[in-house]
Amino acid sequence: MPKLKADNRTRLLQAAVKVTYRQGFGKAALADIANEARVPLGNVYYYFKTKDEIGDAIIDLRVSRFRRLLRELDKAESPKERLCGFVEIKIKNREGLARSGCPVGTLCSELHKNGGAVAKKSTILFAETLAWMETQFKALGKGADSRGLAVHLLSATQGVSVLTHTFHDPDMIEMEAAHLKEWIRAL
């Protein structure tokens, strides 16, 4: 693909991520995405034939970013440090979470309201998170309890993201994160 085509597709995808996060996937119009990317509306169809193709591309991008993040977290020396590092991400993003909510949680929730192939595909975003967390708990020797502990941690981080957004209070993240890190360190 020539560089210009790749640049336009990348710009459209980045614009789609921003617009769907800001407006919601269902409300985001292709014209809004084109406008954000500064690309003529007709060009959107060259790169993405349907809105579902845009959804697929957003999910692929988020998965790619998440896998890079996990590789960085995996550099920590212990499973406890890795899990605490995951919690730290919420602290770093607390202002954005208060303003707009969790981009992954919001996207998955919205897509699953309508169902379909894109909704099903979005499940990978949380499935990989749970699997990674479960691996960390297993490395801590938690055996059969590892899945439940992973569900607890993911539920807590997603739940506090929803509350933080609802109340527009980033301090909620810091408070819950402190409890979660204390819990992880005590395991």
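Above this note sits the structure.
This write-up is about the structure you can find in this document. (Residues numbered from 1 in each chain as written. Predicted model: local features only at pLDDT ≥ 70, side-chain atom pairs only at ≥ 80, totals over all residues. Heavy atoms only, no water.)

### Focus: the overall build of the protein chain
- Helices and strands together make up the secondary structure of the protein chain, namely 10 helices and 0 strands.
- When the elements of the protein chain are put in sequence order from the N terminus, they spell out α-α-α-α-α-α-α-α-α-α.
- Counting only C-alpha atoms, the protein chain reaches 55 × 35 × 30 Å along its principal axes.
- Taking the intrachain contacts of the protein chain between residues at least 6 apart in sequence as the baseline, contacts between residues at least 24 apart amount to 65%.
- Of the roughly 10200 Å² that the protein chain leaves accessible, carbon and sulfur atoms contribute 54%.
- Positive and negative charge centroids in the protein chain, built from 30 and 22 side chains respectively, lie 6 Å apart. (Helix = DSSP H or I, 4+ residues; strand = E, 2+ residues; numbered from the N terminus. Contact = heavy atoms within 4.5 Å. Areas by Shrake-Rupley, 256 points an atom, 1.4 Å probe, with all protein chains shown as cover. Lys, Arg positive; Asp, Glu negative; His and termini not counted. Charge placed at Lys NZ, Arg CZ, Asp CG, Glu CD.)

### Concerning the packing of aromatic side chains
- Considering all chains together, one arrives at 3 aromatic pairs under this definition.
- Look at tyrosine 46 and tyrosine 47: their rings are 4.9 Å apart centre to centre, the planes differ by 85°, and that puts the pair in the edge-to-face class.
- When the ring centre of phenylalanine 25 is taken as reference, the NZ or CZ atom of lysine 51 above it lies at 5.1 Å. (Phe/Tyr/Trp six-rings, centres within 6.5 Å; stacked < 30°, edge-to-face > 60°. Lys NZ or Arg CZ within 6 Å of the ring centre and 35° of its normal.)

### A word on the packing of helix α7 (residues 103-114) against helix α8 (residues 117-139)
- As a packed pair, α7 and α8 sit with axes 9 Å apart at the nearest point and diverge in direction by 150°. Of the possible angle classes, the one that applies to α7 and α8 is roughly antiparallel. The two elements α7 and α8 meet at a crossing, and its hand is left-handed. Residues Val104, Gly105, Cys108, Leu111 and His112 of α7 touch α8, and the partners they reach there are Val118, Ala119, Lys120, Ser122, Thr123, Leu125 and Phe126.
- In terms of residue class, the contact of α7 with α8 is built from 7 nonpolar, 4 polar and 1 charged. (Axes fitted to C-alpha atoms, helices over the stretch in contact; angles between N-to-C directions. Parallel < 35°, antiparallel > 145°, perpendicular 65-115°, else oblique. Left-handed = near helix turned anticlockwise from the far one by under 90°. Nonpolar A, V, L, I, M, F, W, Y, C, P; charged D, E, K, R; others polar.)

### Some remarks on the pattern of salt bridges
- Tallying each qualifying case throughout the model produces 9 salt bridges.
- Glutamate 174 serves as the salt-bridge partner of arginine 94, at 3.0 Å between the closest nitrogen and oxygen. Linking arginine 94 in helix α6 (residues 94-100) with glutamate 174 in helix α10 (residues 171-186), this pair joins segments that are 80 residues apart in sequence.
- Overall, the relative accessible area of 25% leaves arginine 94 in the partly exposed class.
- In this structure, a network of salt bridges that share partners links the residues Asp56, Asp60 and Lys121. (Salt bridge = Lys/Arg side-chain N within 4 Å of Asp/Glu carboxyl O. Buried < 20%, exposed > 50% of the residue type's maximum accessible area, 1.4 Å probe, protein only.)

### Some words on the state of the cysteines
- Evaluation of the coordinates by the stated rule reveals 0 disulfides.
- No disulfide involves cysteine 102; its nearest neighbouring cysteine sulfur is the one of cysteine 108, lying 8.2 Å away. (Disulfide = S-S within 2.5 Å.)

### Brief notes about the nonpolar core
- Residues Leu12, Ile33, Ile54, Ile58, Met133 and Leu153 are the most contacted members of the largest nonpolar core, which totals 55 residues.
- For this core, the leading source of residues is helix α4 (residues 51-73), giving 9 residues.
- Sequence-distant contacts of methionine 133, defined by excluding residues within four places in its chain, comprise Leu83, Phe86, Ala150, Leu153 and Leu154. (Core = buried A, V, L, I, M, F, W, Y, C linked by side-chain atoms within 4.5 Å.)

### Details of the environment of valine 17
- Note on placement: valine 17 falls in helix α1 (residues 3-23).
- On the basis of relative accessible area, valine 17 is assigned to the buried category, the value being 10%.
- Separated by 35 residues in sequence, valine 17 and aspartate 52 have C-alpha atoms that sit 13 Å apart.
- When sequence neighbours within four positions are dropped, the list of residues in contact with valine 17 reads Ile58, Leu61, Arg62 and Arg65.

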